[in-house]
Every structure is written in structure tokens, then in C-alpha cells.
Number of protein chains: 4
Amino acid sequence: MNFRSDNVTGAAPEILAALMAANEGTAASYGADAISTRLKQRFSEIFEREVAVFPVATGTAANALAIAAVTPPWGVVYCHGESHIQVDECGAPEFFTGGAKLMPLECADGKITPAAVEAVLVEPGIVHSAQPASISISQVTEAGTVYTPDEIAALGALAKRRGLALHMDGARFANAVVALNASPADLTWRAGVDLLSFGATKNGALAAEAIIVFDPARLGDLAYRRKRAGHLFSKMRFLSVQLEAYLEGGLWLRNARHANRMAARLAEGLAATRGAKLLYPVQANEIFIALPEAVIAALEAAGVGFYRWGAPGEGSLRLVTAFSTRAEDVDATIAIARGTAR
Amino acid sequence: MNFRSDNVTGAAPEILAALMAANEGTAASYGADAISTRLKQRFSEIFEREVAVFPVATGTAANALAIAAVTPPWGVVYCHGESHIQVDECGAPEFFTGGAKLMPLECADGKITPAAVEAVLVEPGIVHSAQPASISISQVTEAGTVYTPDEIAALGALAKRRGLALHMDGARFANAVVALNASPADLTWRAGVDLLSFGATKNGALAAEAIIVFDPARLGDLAYRRKRAGHLFSKMRFLSVQLEAYLEGGLWLRNARHANRMAARLAEGLAATRGAKLLYPVQANEIFIALPEAVIAALEAAGVGFYRWGAPGEGSLRLVTAFSTRAEDVDATIAIARGTAR
Amino acid sequence: MNFRSDNVTGAAPEILAALMAANEGTAASYGADAISTRLKQRFSEIFEREVAVFPVATGTAANALAIAAVTPPWGVVYCHGESHIQVDECGAPEFFTGGAKLMPLECADGKITPAAVEAVLVEPGIVHSAQPASISISQVTEAGTVYTPDEIAALGALAKRRGLALHMDGARFANAVVALNASPADLTWRAGVDLLSFGATKNGALAAEAIIVFDPARLGDLAYRRKRAGHLFSKMRFLSVQLEAYLEGGLWLRNARHANRMAARLAEGLAATRGAKLLYPVQANEIFIALPEAVIAALEAAGVGFYRWGAPGEGSLRLVTAFSTRAEDVDATIAIARGTAR
Amino acid sequence: MNFRSDNVTGAAPEILAALMAANEGTAASYGADAISTRLKQRFSEIFEREVAVFPVATGTAANALAIAAVTPPWGVVYCHGESHIQVDECGAPEFFTGGAKLMPLECADGKITPAAVEAVLVEPGIVHSAQPASISISQVTEAGTVYTPDEIAALGALAKRRGLALHMDGARFANAVVALNASPADLTWRAGVDLLSFGATKNGALAAEAIIVFDPARLGDLAYRRKRAGHLFSKMRFLSVQLEAYLEGGLWLRNARHANRMAARLAEGLAATRGAKLLYPVQANEIFIALPEAVIAALEAAGVGFYRWGAPGEGSLRLVTAFSTRAEDVDATIAIARGTAR
């Protein structure tokens, strides 16, 4: 009953099996191997256009590298005030960009709006101001919500109009795809997304993410940036094979679907507890909920894992489900919560 | 017959097996898991003192983070002109330090000497000069040679005398340990080494290295630096377990011993070829050798993998053996070389 | 009638005369000259304690260097959302710190409060978060208001309690000193300020500011940072002498007093115009005022210089007076405004 | 008798007079003033083509900004091992570029050669290597010698062929122009120079240099870089006017001619001293000479200012003349040296 995060999970058996199989013989290093070559093709199919793929091991690396590719040191990145890049990466985007400025926007439900960006967007070309460079959004958001294709397209249109790049932190991209029942293309480049941090770690990989670049003009020397940041793996096949297996036969979507279902089930159960109040709509695999302290205490006593959220004493929790969450653990958690509330 | 590098290998079966075993259940993320905790203890035993351990996935990350921990942006790193940090990391140490200066030294056999450092060491405290900060050596060196404990100690003494930190790039540290039949402690902190990039990838891991910090005063905010560089893994157990299995039962030394033996065998065989000339003593698992062009052509035709070295047309090669190199491949390579030369 | 900024002014005659006088003969370079040596003593008297002094030529350099001295690359600087460092320095603090994060706070009248800082202050030591490092305030603020000694002391106490450094951007420090009739010491280190950007350019120098460091422990390698940023002048005497003349005989306070008086006179006159509304209290030498468009048009037609402020179409202006502002220009400006409004 | 450096001098009277004159009235800030506008035109005339001009106050700023404009963070700058950017700027180029690598070349007489660059030039496009980006030369060199137009053109041709930018550190550019009796155009863009740090401080200004950009494609966002580094002056007229007066009526060449003549006179006199040996040809205003210790002691005793050069105990000195050096001081110095040597 560990709902602390989707990164407390192990790896999906399919991915481990593929990793084993990839171990045979020698292979060209640094991405010149057969698996890495195939991977680019595989991603191009999934996104219905040719894409460039840069596998890395962490979401922070994917985000920071992608943002640095489209943001000069004197650039501004418009992002949500609660976004991972702003609050959970110890300044990685600032480091990788050489000192760009993140402009945190406070918007409802974890989703920034074109109006919020426009309200703080400065005129470009005035030498005193850090220069507008990029927008970064999270899909799934840090509030567990998802941007609809229209919402993304509205930001994409703004970005295009104002000469900004649009980056998507897709640490939980698969969960968004199944939540929206939309195509990966519709959620990204067709809506104006230039670069995507495509996450796999939280949804079944050991440690594998990919920077997907839709527009070759946005490549931005990413190959040098990745190497220079220590994120180019010598035995790249072991990174690429995780992503290949993740995509193979729709595993990524199957895993995400399960996680989302478990979240819906858990949310429904907890929300029906007396005194409970969902803080955000539960649209993917994260639940933000206020619960009476007695309920929280009972969950803790039973060893249910979660994070306190928000200000101390608020009684708000975050619970995250994953590809490996068991329905019986969900039901047991609900039972504990309701038993106590009665 | 792939001797291009020790990074064309897969992973050792023992390490893969441990990885599988580590997959069970959930685990605290970001290094708070049980395996990561045990790992620190294990390294402390091996180095005969308490050490701090920061697992990362690449040697470039280990080197750049370690150097940055002891080198301010205005610092100078004294290193060999052929060192990996100088020629093969696309400026990673400069990136991680925020712009420190690498001072390349040309010394014989890949090994820098105290005299070479002293010859270029500027007086500290003069504001116009980048400030002396650290020495970085590679063990095994980029010439395939090893520093003796005394050679390291001489650099360690200089470092101490001049207020410099001493870093060791141990991408092939295991190969040096078995080559010298010395204790890890004697090769590092007892000789004055402050930080070690402890390599495992080339010698059997999938992608795992560890920054070992011997002196707590040299910690240098490494935890923040690692996170900020995107090198803190969420599912850290999968990184830590590779290192644990690597150390378990002496696997690391066993693997390295095999690689070194294969190199000795290959070097002996090739050196006996007419017209051959070893460029450096073969002391670990790398061979640098000049061969007649006809021999090189024959090796290439037979599909033997290696790198051309030095200036074009020089006829110099680098061949690297590994934990997984087969004796029959070594012998076949020698036969091809000698058959042609005859 | 140019009220666009206090940086459209020339230099005070006393400062120019001192510059001429300093030209005699040769002098040791890089700050080893006699004037620079005297300057440290002079500032120590003015601040009633021994201080370290680092003259530079621009306010941006002073701010960015001072902040970098107390903020690591992974640090957070808490500042007002309208502060010069956040909106007018093209990311200089981010550049000089190596990528620190500025956290913009929206507070009334240009003055941040302890409560506003505490509301966003994260727990230190959690590796995922950029780390709380410093607070930076402007005195005079970007709204033309001044912090009282008590307001500064409250921020100083918070800083001390939470292990933060407190930096003051004193581009208009003299104007604040005379506005508050407080001692420089009371407005700075006695209230908990660790570093001050002491401005002189806007108040009579050609181009001269000084970083004043009150706590030697906060020196933070400033000498290397300044040199490395190209801000160590070879003919330092010409920088130091401006500051010396600025302090000599109270010129800095005399100049500031005049500027403040002119602002009060202008503000009073304009505020009495029909339809006028002061946006902030006028406490130093800056006026923010909303005026009817017809009044604005009349001022523009008469060649009165000012900046539009806030959102387009708001009818808000900023007018700044200086040491060289003539009373007759103030009165003429008022007459134009009132004539029209009638 | 102060020959320590040409930066121990004050400013030329013509420049001071112009500064005084420029003080009248208000002026648009940040370079929008009339003097700054004229300055661009003036430099365009002198260089016989349209150029972009970025005035700054120090040579380190000019060099580091210019190099950063044409060198990415993962770039390599080829330069002389004794160049100012390598040994005297505390890592400024590394700071401004975001971590580029300076590759020091040891060549005779302070002048790098195309062959020396080619010997270490790596193939571009290999992700492991820092990427060839620029060549930086000093004119006058740090050995007091000058590059002939042909020598520059040879480097320019190499740069063009290999896709590198060519930067010239012209801290003593005027001294080179008069030494070679060549046109500024022939010494720069006609020979392939892309950016010039045009020095004025050492030759009569208080603190004024200009980055001259010959090729608009090499502008490299210099305006943002300058602002962000704190090198955009608000009262820019005071910087621009120094440069304007410096160029006016050939003052820059007149001053340099005098300095060079004084150096020739001093060099001739000292070289005739028994036991003296010039280390480099004296081609501009710097003298490097080995003298018997007794001579050195006599010079020191007489209060003659100079720097010891090279390794301690070598008896080598550097003496620098300037626009303000008096012939009688030169003759007195020679007399002291010769008197002793007798």
C-alpha cells in the first residue's frame, strides 16, 4: 500500500526481459547500436512524423536539456509555479541553460493559460529584460490534471505568435494519452509542442526517458549538451532497450491505463469518506485530497504510504498509483479510510 | 573480436541477476532504499575507512561532479593533456564547475608528475590568475599505464603542500588494483586522493559509477550538484544494486584480472609480430601498438574491432580487452596478425 | 525638463574636479593606489565599522556580484517581483551566480515583507529544492518608497533566523538616507544587511558604485568574481576618486536631498492636478502618478521627459528627479500640467 | 620612472577635456545618446567598412564578451599559452562563454601560427570532443611583438577554412598600427579578423575599450551579453566620449607612436648594457630583457618601476612605455643601468 509516488515501483517484467535479451554480445557504444537506431524509427511511427530521439536516464535531465536547447542564458521560461522544473529539480533548468530565468505562474489546477503567460510576457528586444524564450508545461500536470489538446493548442498558438518554443514535461505522458484517449501527435506537435520529455521511468522502466524533438530547427546542439552533461551512456543499448520494450505492443499505454484506473478507484473510495474533499479533479494517476486528521492517522498507522501536501496542518495528501498498483491494496486503503471515518 | 573499447561489452551475468532480484516490491526513491544504504557500508569496508558514496550512471558525470566539488569557477585543474576529462568529455568539467580551467600537461606514458604540475603552478591569491584548485589523474591512465602508489603519493604530497585537491578518474580502477596488487586504500586516500570516480561500467555493470569521497570536508555540496545535474536517480536501487553486485565476492577484481590477462596475452602476441612496436607498457587492459599497414588491413578485413590512434597514417592502434573477452578471440587475432606479417 | 531617469544626468562638478585632480602622475593599478586605499577608510567611517569595499562601474555589476557572493548556483534569492534584479538586469544575477533562482514576490509599495518571504520559503536540505540562500531588497524601492529601519530589521531578523544573507540594492541609497534621516549604519548592518550595492552614478558620479561588505565571512571570493567578470579596473583610481568625491563633505547627501525635494515639489504640484492620482507615496526622488491623457499629451508636447508606466493605456507615468534637477523646470512642468487640466 | 605597465598612467589631457565637455545637460542613457551614435560612424570610417561597436570599460570584458559571442559553451578557443585571456583574466573567457575550453599553444615570440593550431585542431562533429570554435590572438602580443598583416591573414585563412571565428585582443592595437604602419582594416577584417577588442585605456583613456564586430553574422547577441554582464553603462556618453576623443585627430596613433619610440629608445639603451639580452624583438611599447642582477638592483634602488618576468632568479624584466612616458625618464633609466654595469 505504497502510494508515495510512481517512482517507488520496480520495473515492468517486459522491460526487464528485454534488458536481459539485449545483453548478448558486443554492441557499438554511445548510441550507434542497432537498438538505438530502431528506437528512432519506433518513436517516429508513434508520433506520425520523423522525430529526433535523445534517451537519457532521468526526467530532470530530459527537461533541463530540452529547455536549454531552446532557451538562451538570457531567456525566460514561462511555467507553472508548482511545476517540477520550478520546485523539484534544484535549479537544473537554470544550470543547463547557463542561467535562464523561470517565471512561475499561478494558475488553477496545475495548468497554465495563454492569458497568464501574456500577462507577464515582456516585449522582446529590450536589452534590460531577460528575453521571452519558451513555455514549459507538464502533461500530466503536478496537480494530477491533464491539458486537453485544445488547451495545448492554445498555448502552442501563443508560442508561435510570440516566437517562443513550447516544451512539454511528459514524465507521465502515457497517463495523459490514455486519460484523453488522444493520439501522441495530437497532444504534441500538432498542438504546437516543439520538444517533449517523454517519460518511462514512472510507468515501468528502470531509468529511461527520451527527449523527443519534433522540429529539427529546435535541435539546438542537443548532442553536445547531452554529452557535456554526462548523460550520454556508453552502453546506450541498455537505455534504448528499456524505451523500445516500453513502446512494444502498447505496454506503455497498458501500464498507464492500469495506473489511471487504480487512481480513479482509489479516488472514488476516498472521496466518499466523510469529510473528504478532492483538491483537484483526478484525471490520471495522482490524487490530491483533504482528509480528516483521524483518517490520515489511521492510514499512517496501517502503513499506507503517501505524502502530506500543501501547508502543514492542512490535512491534504497526495497519493499516486502506478502500473504495478494492486487493486486489493487500493480497496484495503479505502476500507481503512472509511472504517475510521465511520 | 571486438577490441574497440571495454564499453562495447554487455553486463556481467552476476550484475544482471542482482538487478532482477532488486526489482521486487516498492522501495524508497532517490537513494533512501536499503540497497543504497548497504552500499555505503560496503564501500567503507573496501576502502578501510568511512566514505561517502554518490552513485551516478556515467564516468563523465562522476568526473565532472567530483571535480566541481573541489574546484571553484575560477579554479585550475591540472591534468594530463590526453586525459579523458580534457579530450573526451566535451567540456563537462568546465560545465559542472561553472567555467574552471583545465591545464593540460604533456607527460610521458599518460602519467603526470609533480614536477610537471609545479612547473605551471601559479602563486595563489593573485586576482588576475585562475586559482590553483585541483589535480586530476586517471588510474588506469589513457595510455594504459598505471600509477604506482608511490607516484600517487608524490602527487598527493604536492597537492597537500599546495592546498590542492587530488581527484582520481578510476574508470578502470579495478584494472589498476589487480595490476598493482595494491589495496584500494593504498591507491587512494592513503596516497592523498580526496575523491575517486570509481568505475564499474567498463568492467561489468550496465551503467554505474560511484563518486567516492574520502574526506568529508571535500563533500562540496555534491548532493545538490548531482540532483541539479539530473544525475540523481529516482529508482536509485537499480543503480546501487549494480555496484553492490560488482563488489560482491570480489567480482570487480575477478573481472579486471581477466581483462588484464587477456590484454597481456594479446599484447605479447601482437608485439611479436614483425614490425610491431608497443607505444606504452601494457600494464592493464589497454594496448597501444604500431603495426605495419598490411597487418592492420588484415585485421580489419577479418573484422577485428579496434581504434586507430594518434595522427592519421601513423599505423598506431588501440585495442582494449574486457571482462568478457574470450581467449580464443585473442588468439585468433594474434594468428591473423602474424599470418599476415609472415 | 527631463525626468526620464536620474541616469540621464551628467556628473556633479565636484566629482569631475576630483577626477581631474586624480589624473596627476602614475599610480599603482588594480586598486593598489592611494585613493582606493583611502576609500576603504572613508566608507568605514561612514558606516561606523570596518567594511570591505569593491568599486565597480554599474549597479548591475554591484548587485550581481554581491548576490553571487552569498548565493550558490543552487540557491534561491527572494526579491520583489518588480525589483531591478528581477526585471531590469537581463538575468545578471542568474549569470553571476551560475544559475541561481530568483523568487519574485508580489508585495505592496515595492517592499517585500517577512511574511511574504516565509510563505514561499522551503525547508533547507531537501535535495530536490533549490536552497534558500538570500533576500535582496531595494532601497529606495522600485516604487519610489523607502524601507524604514524597522522594516529592514524585520527582514534582517528573518534572514538570520533562516540562515539567509540579506543584500540591499542601494542604487538610490543616498536618497533613502536623507528621506529617513537615518544613519547609514542603522539602515544596513545594524538592521541585518550583509552586503550593500552602494550607488553613486544616479546621484552625481559618472559611473561608480561600490559593493560594501559588512561581514567579512560574506566576502565570498568577491575579488576573484569581480576580476573574472571584467569589473576590476586597471586605472582604478578613476573609479575610486568618484566615490571619494561623492562622500567628501557630504556631497552624496546634499545631492540626494536636492533630488528628494524636487520630487516632493513636483509630486505636490502634479497631484493637485485634476484627475491625478499618485500610485505610491513619494518618499524619495521618484514619482509614480496616473494623469489624464490630455495632461500627458500636453507634457509630451512641451518636451517634458518621463516614462509611461504599467500597462499601456493606463495613463501612469514615472518621473524621476536628480541632483541636477532645476526648480524652474519642476515649476514649468507643473504649470504645463495644470494649465491643461484646467 | 614607472615602467611597470601602461596602465599606471593617467588619462590623456585631450580625453579629459572631452569628458568635461560631454557633461553638459541631460542625455539619453544606455547608448542612445548622440556621442555614442557618432562613435559608430567614426569607427566605421577608421575601419573602412560599417562596423558594430560595443563600448565597455575593461579589456577583460571586451575579450570575454567577444569570445563568448563566437564560442559556444562546448567550444574550444585556440590561443597562445602566454596570452592575456589564458593567464591574466582569472578565467573570464570561461565564465562568459559558459565553460568553453582555452587551448594554450606554445609558440615563439608570443605569436601563434596556423601550424600550431592545426596540430591540435580536432575533427568537428564528434560529440566527445569540445568543438573547435575560435582563434584568439593578441596584437601587440604578450611578448611585445606584432603580427604582420600576412601572419594574421594566414590565421584568418585557416579560420575560414575550418569554420572558426578569429578574435583579436587589441589592448595595444594602436601600438601595432603604428609599428606596422598598416591600416586598421588591413590588420583586421581584410586579414580575416571577425571581432576586435579595441583598447584605449592603456594608451590614454581612463577606462574605455570597444568591441568592434566586422561581420554582422558574428553579432552573437552581444547586446544581451553585455547588459547581463553588467557592462552596459547607463551614462554611456562618458564611455563613448573617451573613445571619440581617442580617435579624434589621430590622438590614438600619436600617443602610440610616442610610446613605441620611448620603448625603442629604452630598449636600445638597456640592450647596450653589458650582460643585457633582449628576450624578444622590441616592436611596440614593451621590452623584455635579461639584465645582470647588479643592474636590476641599481634600477630598483633608484625607484625605477618594472616587473620581474619569467621564473624567479632569471633576471628577466618587463618594462612598458606609454603615451605619457618622458624621454628624460627613459634616459635617466638607461644611465642608471649603464652606470652600474660599468
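Residues numbered from 1 in each chain as written. Chains lettered and ligands numbered in written order. Predicted model: local features only at pLDDT ≥ 70, side-chain atom pairs only at ≥ 80, totals over all residues. Heavy atoms only, no water.

Peer 1: Which residues make up the overall build of chain A, and what values go with them?
Peer 2: Secondary structure assignment for chain A yields 13 helices and 11 strands. For 342 residues, the compact-globule formula gives about 20 Å, and the C-alpha radius of gyration of chain A, at 20 Å, lands near that figure. Principal-axis analysis of the C-alpha atoms gives chain A an extent of 60 × 55 × 30 Å. The burial tally for chain A puts 63% of its 342 residues in the buried class. (Helix = DSSP H or I, 4+ residues; strand = E, 2+ residues; numbered from the N terminus. Rg over C-alpha atoms; globule rule 2.2 N^0.38 Å. Buried < 20%, exposed > 50% of the residue type's maximum accessible area, 1.4 Å probe, protein only.)

Peer 1: Pulling in residues and values, what's your account of the interface of chain A and chain B?
Peer 2: Each partner contributes to the interface: chain A provides 44 residues, whereas chain B provides 44 residues. At the boundary of chain A with chain B, total buried surface from both sides reaches about 3,700 Å², with 59% on carbon and sulfur atoms. Taken as a group, Phe95, Arg228 and Lys235 of chain A account for 21% of the area that chain A buries against chain B, more than any other trio of residues on that side. Seen at the junction of chain A and chain B, the total is 0 salt bridges. Remark: the boundary between chain A and chain B carries 31 residue pairs in polar contact (both at pLDDT 80 or more). Breaking the side of chain A that touches chain B down by element, the ones donating at least two residues are helix 1 (13-21), helix 3 (59-70), helix 5 (92-97), helix 9 (222-228) and helix 10 (237-247) of chain A. In the side of chain A that touches chain B, the residues fall into 21 nonpolar, 16 polar and 7 charged. (Contact = heavy atoms within 4.5 Å. Buried area = accessible area lost by both parts, 1.4 Å probe. Salt bridge = Lys/Arg side-chain N within 4 Å of Asp/Glu carboxyl O. Polar contact = N/O pair within 3.5 Å; in protein donor to acceptor, adjacent residues only side chain to side chain. Nonpolar A, V, L, I, M, F, W, Y, C, P; charged D, E, K, R; others polar.)

Peer 1: Summarise the relation of the copies chain C and chain D; cite the residues concerned and give the values.
Peer 2: Rotating chain C by 180° and translating it 0.0 Å along the rotation axis places it on chain D, where the RMSD comes to 0.0 Å. The superposition of one copy onto the other is thereby described by a two-fold rotation axis. Considering only C-alpha atoms, the residue of chain C closest to the rotation axis is Ala229 of chain C, which sits at 3.6 Å. A high fraction, 100%, of the interface residues of chain C reappear at the interface in chain D, so the copies pair face to face through one surface. (Least-squares fit on C-alpha atoms with pLDDT ≥ 70 in both.)

Peer 1: Explain the sheet that holds strand 8 (residues 277-278) of chain D to me, using residue names and the numbers behind them.
Peer 2: All names here are of chain D. Pairing within the open sheet is antiparallel, and its 4 strands lie in the order 8-9-11-10. The open sheet is flanked by strand 8 and strand 10 (307-309), the only strands paired with a single partner. Judged from the 3 bridges that link them, strand 10 and strand 11 (residues 316-320) form a sheet pairing that is antiparallel. Of the residues in strand 11, the one forming a bridge with Trp309 is Ser316. Running over the sheet, helix 11 (residues 251-271) touches strand 8, strand 9 (286-290) and strand 11 and is turned about 10° from strand 9. (Pairing = 2+ DSSP bridges. Axes fitted to C-alpha atoms, helices over the stretch in contact; angles between N-to-C directions.)

Peer 1: Kindly report on the interface of chain C and chain D, identifying the contributing residues and their values.
Peer 2: Facing the 44 residues of chain C at the interface are 44 residues of chain D. In this assembly, chain C packs against chain D so that about 3,700 Å² is buried in total across both faces, 59% of it on carbon and sulfur atoms. Three residues, Phe95, Arg228 and Lys235 of chain C, lead the burial of chain C against chain D; their summed loss comes to 21% of the area buried on that side. For the pair chain C and chain D, the number of links is 0 salt bridges. Between the two partners, chain C and chain D, sit 31 residue pairs in polar contact (both at pLDDT 80 or more). Listing elements by their share of the side of chain C that touches chain D, those giving two or more residues are helix 1 (13-21), helix 3 (59-70), helix 5 (92-97), helix 10 (222-228) and helix 11 (237-247) of chain C. Residue composition of the side of chain C that touches chain D, grouped by class: 21 nonpolar, 16 polar and 7 charged.

Peer 1: Account for the relation of the copies chain A and chain B, with residues named and values stated.
Peer 2: After a rotation of 180° and a shift along the axis of 0.0 Å, chain A superposes on chain B with an RMSD of 0.0 Å. When you check the interface residues of chain A against chain B, 100% turn up at the interface there too, and the contact is symmetric in its surfaces.

Peer 1: Outline unusual backbone geometry, listing residues and values.
Peer 2: Looking along the chain, the bond that leaves Gln139 of chain A and enters Val140 of chain A is cis, with omega of -10°. Not every positive phi belongs to a glycine, and Asp109 of chain B is a case in point at roughly 55°. Following the sequence through the fold, Asp109 of chain B ends up in the loop between strand 3 (101-105) and helix 6 (114-120).

Peer 1: Give me the pattern of salt bridges: which residues, what numbers.
Peer 2: Any two side chains of opposite charge can pair if their charged atoms end up close together. The tally for this structure, following the rule as stated, stands at 68 salt bridges over all chains. Across the pair Arg318 of chain B and Glu286 of chain B runs a salt bridge whose closest N-O atoms are separated by 3.4 Å. Of this pair, Arg318 of chain B sits in strand 11 (residues 316-320) while Glu286 of chain B is found in strand 9 (residues 286-290), placing the two residues 32 residues apart along the sequence. The same class applies to Arg318 of chain B and to Glu286 of chain B, which are both buried. Salt-bridge contacts for Arg161 of chain C lead to Glu118 of chain C; the nearest nitrogen and oxygen are separated by 3.5 Å. Taken as a pair, Arg161 of chain C in helix 7 (residues 149-162) and Glu118 of chain C in helix 6 (residues 114-120) lie far apart in primary sequence, 43 residues in all. For Glu118 of chain C, a relative accessible area of 37% corresponds to the partly exposed category.

Peer 1: Could you give me a rundown of the pairing of strand 2 (residues 75-80) of chain D, with the residues and numbers involved?
Peer 2: All names here are of chain D. Strand 2 sits mainly inside the fold: 6 of its 6 residues count as buried. By the bridge criterion, 5 bridges tie strand 2 to strand 3 (residues 101-105) in an arrangement that is parallel. Each residue of the ladder has a partner; that of Tyr78, found in strand 3, is Met103.

Peer 1: Describe the side chain of Gln131 of chain B, and please don't skip the residues or the numbers.
Peer 2: If you trace the backbone, Gln131 of chain B turns up in strand 4 (residues 131-138). At 2.7 Å, the side chain of Gln131 of chain B forms a polar contact with the backbone nitrogen of Gly125 of chain B. Among the polar contacts made by the side chain of Gln131 of chain B, one reaches the main-chain carbonyl oxygen of Ser129 of chain B at a distance of 2.8 Å. When neighbours within four sequence positions are excluded, Gln131 of chain B is seen to be in contact with Trp74, Gly75, Val76, Pro124, Gly125 and Ile126 of chain B together with Tyr224 of chain C.

Peer 1: How would you explain the packing of helix 8 (residues 173-180) of chain C against helix 12 (residues 251-271) of chain C if you had to name every residue and give the values?
Peer 2: Each pair of packed helices can be summarised by the angle the axes make with each other and by the distance between the axes. Residue and element names in this part refer to chain C. In contact at an axis separation of 8 Å, helix 8 and helix 12 are set at 75° when each is read in the N-to-C sense. Compared by their axis directions, helix 8 and helix 12 come out roughly perpendicular. For the pair helix 8 and helix 12, the contacting residues are Phe173, Ala174, Asn175, Val177, Val178 and Ala179 in the first and Trp252, Leu253, Ala256, Arg257, Ala259 and Asn260 in the second. When its residues are assigned to classes, the contact of helix 8 with helix 12 shows 9 nonpolar, 2 polar and 1 charged. (Parallel < 35°, antiparallel > 145°, perpendicular 65-115°, else oblique.)

Peer 1: Residue-level account of the environment of Arg42 of chain B, with values.
Peer 2: All names here are of chain B. Along the chain, Arg42 falls in helix 2 (residues 34-46). Take Arg42: its relative accessible area is 23%, and that puts it in the partly exposed class. With 188 residues separating them along the chain, Arg42 and Gly230 place their C-alpha atoms 25 Å apart. Only 3.1 Å separates the side chain of Arg42 from the side chain of Glu45, close enough to count as a polar contact.

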